[in-house]
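Close look at the chain arrangement
Single-letter residue listing:
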Amino acid sequence: MMKKILCVMLLGFFATVTAQAETITFGIVPQQSAKKLARLWTPISSYLSEKAGVEVLFSTAQDIPTFEKRLLAGEYDMAYMNPYHYTVFQQKPGYDAIAKQRDKRIKGIVVVHKDSPIQSLTELNGQTLSFPSPAAFAASVLPRAKMEKDGINITPKYVSSHDSVYLTVSRGLFPAGGGVMRTFNNTATEARENLRILWTTPAYTPHAIAVHPRVSQGVKEKLQQALLSMNEDEQGQALLKTINFKGIETAKNKDWDDVRGLNIKLLQHLLQ
């Protein structure tokens, strides 16, 4: 009898360990508020849990710099990160891309109030503009690089998220700010309707969905297949529509060589 009880206890222990080993924390870059991200990505995490047979838990951070620190520390098993982040955190701690948005090239935008008289970037010279964070690739790095190259001197003010940029510019707190088309299309209607796109950046490889090197090859493949399955059924397609994705496709590390070619050094100190 005691042997039978001991056997049951051991089976329960190993089942618990296995379940814990198969819990995946999915970190989402905080381009928008945590509340909005939870509303959009928690159903996607649940879908992936069902399809992959592992528990996928939504996670984010209060702002992009905190998200960067957590990526560096390897706190997320899987993460949705911007193109520049991927080129950095692929080096350390070694995140590996498994998927990206299908048929998509990311473009940054500079927005102004719809009634603003500003018609060109040069008119922003000497102004204070809002951006999500220093290393927000398309929303901050690309527009600021363009303005620096053209001799347009601006003072950046970092307001923590894309939605905060759109809100502050729509309310006239800043003359302009940086974002991306996906979050612009997904922001609150009252903010979007009061904005006008002034300028658009060139296009680059979009955000990566990447996994930490501690994730086993088997689980990695299950997660990738679960992501790809979103293209095939009505539930997955509906969930993709909520985040303005047309679909998901497999990705390889070399896909981000166009971003590496820009030789951005903003987060280089994290790799030291």
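Provided above is the structure to which this section pertains.
A brief structural summary.

In this section: the pairing of strand β1 (residues 23–28). Relative to strand β2 (residues 55–59), β1 runs parallel, the two being bridged by five bridges. The residue bridging Thr23 from the neighbouring strand is Glu55, located in β2. A crossover connection joins β1 to the parallel β2 through helix α2 (residues 34–52); in handedness this β-α-β unit is right-handed. Two strands pair when backbone bridges link them, and β1 and strand β3 (residues 78–81) are joined in this way by three bridges, in the parallel orientation. Pairing of Phe26 across the sheet is with Met78, part of β3.

Once that is clear, we can look at the layout of surface pockets. By volume, the largest pocket amounts to about 210 Å³. Per-element tally for the lining of the largest pocket: the top contributor is helix α7 (residues 181–186), with three residues.

On to the pattern of salt bridges. Considering all chains together, one arrives at 10 salt bridges under this definition. Put simply, Asp77 and Arg214 hold a salt bridge, and the shortest N to O gap is 2.8 Å. In this pair, Asp77 is assigned in the loop between α3 (64–73) and β3 and Arg214 in the loop between β10 (208–211) and α9 (217–229), connecting sequence segments 137 residues apart. A salt bridge links Asp258 to Arg105, with the nearest nitrogen and oxygen atoms 3.5 Å apart.

We now examine empty space enclosed by the protein. All told, the structure shown has three cavities of 30 Å³ or more when counted by the stated rule. Space inside the largest cavity adds up to approximately 80 Å³. Here the second largest cavity is characterised by a volume of approximately 50 Å³. Considering the residues around the second largest cavity, the lining is formed by Val29, Gln31, Ile64, Asn82, Ile106, Ala136, Phe137, Ala138, Ala139, His162, Val180 and His207. Here the lining of the second largest cavity gets three residues from one element, more than from any other, and that element is helix α5 (residues 137–149). Residues that form the lining of the second largest cavity fall into these classes: eight nonpolar, four polar and no charged.

Strand order in the open sheet made by the six strands is β2-β1-β3-β10-β4-β11, with mixed pairing throughout. Pairing within the sheet leaves two strands with one partner each, and these edge strands are β2 and β11 (248–250). Averaged over all adjacent pairs, the angle separating strand axes in this sheet is 25°, with direction ignored. The pairing of β3 with β10 spans four bridges and is classified as antiparallel. Of the residues in β10, the one forming a bridge with Met78 is Val211. Packed on one face of the sheet, α2 meets β1, β2 and β3 and runs near 170° to β2. Sheet strands touched by α3: β1 and β3. Its angle to β3, the strand with the most contacts, is close to 140°.

A separate point is the side chain of Ser116. For Ser116, the position within the fold is in the loop between β5 (108–113) and β6 (128–131). At a separation of 3.1 Å, a polar atom in the side chain of Ser116 contacts the main-chain amide nitrogen of Ile118.

Right, let's talk about the packing of aromatic side chains for a bit. In total, this model carries seven aromatic pairs according to the counting rule given. Plain terms: the ring middles of Phe67 and Tyr76 are 5.3 Å apart, the flat faces sit at 35° to each other, and that makes the pair tilted. You can call Tyr76 buried: its relative accessible area is 2%. Ring geometry for Phe137 versus Tyr204: centroids 5.6 Å apart, planes at 85°, classification edge-to-face. Placement of Phe137 in helix α5 and of Tyr204 in the loop between β9 (195–200) and β10 is noted, with a sequence separation of 67 residues between them. The class of Phe137 is buried, set by a relative accessible area of 1%. Overall, Tyr204 belongs to the buried group, its relative accessible area being 14%. Grouping aromatic residues by their ring pairs yields a cluster made of Phe26, Trp41, Tyr80 and Phe245.

Definitions and cut-offs
- Residues numbered from 1 in each chain as written.
- Predicted model: local features only at pLDDT ≥ 70, side-chain atom pairs only at ≥ 80, totals over all residues.
- Heavy atoms only, no water.
- Pairing = 2+ DSSP bridges.
- Helix = DSSP H or I, 4+ residues; strand = E, 2+ residues; numbered from the N terminus.
- Right-handed = clockwise from strand over helix to strand, strands pointing away.
- 1 Å grid on protein atoms, 1.4 Å probe; cavity = no way out; pocket = protein on both sides within 12 Å on 5 of 7 lines; lining within 4 Å.
- Points joined across faces, edges and corners; volume = space filled by probe spheres on them.
- Salt bridge = Lys/Arg side-chain N within 4 Å of Asp/Glu carboxyl O.
- Nonpolar A, V, L, I, M, F, W, Y, C, P; charged D, E, K, R; others polar.
- Axes fitted to C-alpha atoms, helices over the stretch in contact; angles between N-to-C directions.
- Contact = heavy atoms within 4.5 Å.
- Polar contact = N/O pair within 3.5 Å; in protein donor to acceptor, adjacent residues only side chain to side chain.
- Phe/Tyr/Trp six-rings, centres within 6.5 Å; stacked < 30°, edge-to-face > 60°.
- Buried < 20%, exposed > 50% of the residue type's maximum accessible area, 1.4 Å probe, protein only.

None of this, on its own, says anything about what the molecule does.
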